[in-house]
There are 2 protein chains.
Amino acid sequence: MGGITARRVVLAGRPSGWPTLEDFRLEEFTPSPVLSGGLLLRVRYLSLDPYMRMRMDEHSAYAGSVGVGETMHGQAVAEVLRSEHPDYAEGDTVLAPAGWVSHAVSDGTGLRKLDPALAPVTTGLGVLGMPGFTAYAGLMVIGRPKPGETVVVSSASGPVGSVVGQLANIAGCRAVGIAGGPDKCRYLVEELGFDAAVDHRAPDFAKQLAAACPDGVDVYFENVGGAVWETVLPLFNRFARVALCGLIAQYNGVSQTEGDRLADTLRVMLTKNMTVRGFFNTEFVAEHYAEFLRVVSDGISGGRIKYREDVTEGLEQAPEAFLHMLSGRNLGKALVKVAE
Amino acid sequence: MGGITARRVVLAGRPSGWPTLEDFRLEEFTPSPVLSGGLLLRVRYLSLDPYMRMRMDEHSAYAGSVGVGETMHGQAVAEVLRSEHPDYAEGDTVLAPAGWVSHAVSDGTGLRKLDPALAPVTTGLGVLGMPGFTAYAGLMVIGRPKPGETVVVSSASGPVGSVVGQLANIAGCRAVGIAGGPDKCRYLVEELGFDAAVDHRAPDFAKQLAAACPDGVDVYFENVGGAVWETVLPLFNRFARVALCGLIAQYNGVSQTEGDRLADTLRVMLTKNMTVRGFFNTEFVAEHYAEFLRVVSDGISGGRIKYREDVTEGLEQAPEAFLHMLSGRNLGKALVKVAE
């Protein structure tokens, strides 16, 4: 391809606590040559997700750390610019673990073809991709919601939480969302059909949440941890199930409250005969991905599952958009548009 | 029966923190008349169990509180002194939820006949009773141990823990016990066949436990909580299962350590894709009690399951024996011999 000057965002340094723009660096680079069986990709959209914060730490339990000076990890929608791979042709649109880059060379590992005629390609990073599947696996496989039960989800307006609540509705449950701020709460109830939404920033959050769950909580899909976890804790019913998916409140090492908090959690888990299950979506892919695609595609085409995207333009804006997402100021799946 | 003067131990006041002898009172009483269909029981052995501490609190999640002035709850082995009940005859030995009493009147609810020819009747309060079944249900149903895995149990020399470790051995697992003091640890390894036992009072407890679990921890049967929980926490393998059975370190409301302990627990549960399941044995009785009796009876007769009892003489000694048991100073199932 000769003259391609590609760009990438690398981890400039490890954050202690909240990351800042100084922890990232935009670089130019020349993609390595495409070998036999390989592909050259041009990234169109990059996904920004909370798990990336964990990978910025030196010892990340979340499937590996990003080394200092290395490209930030991430899923992307990309166009095949050149292909020496039998399964892909120039012009194909693929889902690729390309990272925060404008161009990438791939040997085909982890690639999946997207059909732009079926759904907007960006849904492959959101509602019809890993965030949607994470919602599906945590709610349906771990949570096993029964009609009439109450399902609570935190970070409810995000790409995972919004699908959790809508699937809970489809399952015949009362769906209660926890989100930050009145706009997100309104969005959950008015646009997505949640039965109730509670603002965790409200001074009477605990009281509001209890009122929104008059029959207690049977399934909790946890994305946040910290003070939000502790507010849900007293509401659990016997045999409650918790799909422990994320702990965004804890990723930056900021303690939320004081006191002997572990004891309370263990006590409730014991006396309510609860099941708490930490998970990554990957373990459920083989068994459940096909049914997820069917259920959620049907939900979208039938109008029962809606989604929003929050698109930032330009790879160079990715760090700022990422910080924005971590602080919960976006509404909808956070994406960076890298190229048309 | 005319002249029976019965005795009972009542809750004299609610403890704050560790209970003391002043929280109990021995009383005489006259049993109410035996109605049609009823029985008069003479208690021979009374069981002392950690869950009783939770029932001394005003708001116990553990299946009800004992009211101040009311008889302490508990299972007992009793002899039928008089029966108007079609299923029981004078002289029968029964397991009964009689409480801390010398005599009780029953309508038959919760009674189970014991066959003194099959096994010593006291085993109905221990290895072949609820403690043994609790071990069985937590380990086999929740823990699902696979051959070659490492099973850790806390309070390992107690009536529940000792069965957990021996069942783990039968299941082909490495059984590691956590107990208080070198005598108990020796007992676990030398008498019960645990692969290793670690003294949680040792100054290098964490190091010893890690050394005893060179391949990490796959199943943890938790009876203790607090600092012991936190010491096991770093050792969990991916997909570890925790049967959360008791939290004896927390029952008296004494905080163990400082700091942000909940965050660590949630983080490990998430990143290790753990399953933590709080349980009471009662929910598993219908489905699993028969197989438990078969497996553990076979284990006892085949010499692969051993047990010890710690018998205190006299109902009036029950409070002291209970405090003794709570502080972990006994070895073997704590029983009070009330009558021959």
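Keep in mind it's a predicted model, so treat the numbers as computed, not measured.

Thresholds applied
- Residues numbered from 1 in each chain as written.
- Chains lettered and ligands numbered in written order.
- Predicted model: local features only at pLDDT ≥ 70, side-chain atom pairs only at ≥ 80, totals over all residues.
- Least-squares fit on C-alpha atoms with pLDDT ≥ 70 in both.
- Contact = placed C-beta atoms within 7 Å.
- Helix = DSSP H or I, 4+ residues; strand = E, 2+ residues; numbered from the N terminus.
- Axes fitted to C-alpha atoms, helices over the stretch in contact; angles between N-to-C directions.
- Parallel < 35°, antiparallel > 145°, perpendicular 65-115°, else oblique.
- Nonpolar A, V, L, I, M, F, W, Y, C, P; charged D, E, K, R; others polar.
- Pairing = 2+ DSSP bridges.

Caption draft 1: Up close: the relation of the copies chain A and chain B. Mapping chain A onto chain B is achieved by rotating through 180° and translating by 0.0 Å along the same axis, at an RMSD of 0.0 Å. The two molecules are tied by a two-fold rotation axis, judged by turn and shift. When C-alpha distances to the rotation axis are compared across chain A, the minimum falls at L262 of chain A, with a value of 2.1 Å. Both copies present the same face, since 100% of the interface residues in chain A are matched by interface residues at the equivalent positions in chain B.

Caption draft 2: Focus on the interface of chain A and chain B. Of the residues lining the interface, 28 residues belong to chain A; the matching set on chain B comes to 28 residues. Put simply, the parts of the chain that give the side of chain A that touches chain B at least two residues each are helix 7 (261-271) and strand 13 (275-278) of chain A. When residues in the side of chain A that touches chain B are grouped by element, the largest group, nine residues, is from helix 7 of chain A.

Caption draft 3: Region of the structure containing the environment of W100 of chain A. Residue and element names in this part refer to chain A. Within the element layout of this structure, W100 appears in the loop between strand 5 (93-96) and strand 6 (103-106). Sequence separation between W100 and G124 is 24 residues, and the spatial gap between their C-alpha atoms is 17 Å. With near-sequence residues (within four places) excluded, W100 lies in contact with R8, V9, L46, T71, M72, G74, L315 and A318.

Caption draft 4: Summary view of the packing of helix 2 (residues 130-143) of chain B against helix 8 (residues 285-301) of chain B. All names here are of chain B. Contact geometry of helix 2 with helix 8 gives a least axis separation of 10 Å together with a crossing angle of 105°. Regarding the angle of helix 2 to helix 8, the classification is roughly perpendicular. Contacts between helix 2 and helix 8 involve G132, F133, Y136, A137 and V141 from the former and H288, Y289, F292, V295 and V296 from the latter. Of the residues assigned to the contact of helix 2 with helix 8, the class counts are eight nonpolar, two polar and no charged.

Caption draft 5: Broad picture of the sheet that holds strand 12 (residues 236-244) of chain B. Within the open sheet, the 12 strands sit side by side as 10(A)-9(A)-8(A)-11(A)-12(A)-13(A)-13(B)-12(B)-11(B)-8(B)-9(B)-10(B). Their pairing is mixed. With one partner strand each, in any of the chains shown, strand 10 (196-199) of chain A together with strand 10 (196-199) of chain B form the two edges of the open sheet. The sheet shows a mean angle of 15° between the axes of neighbouring strands, direction not considered.

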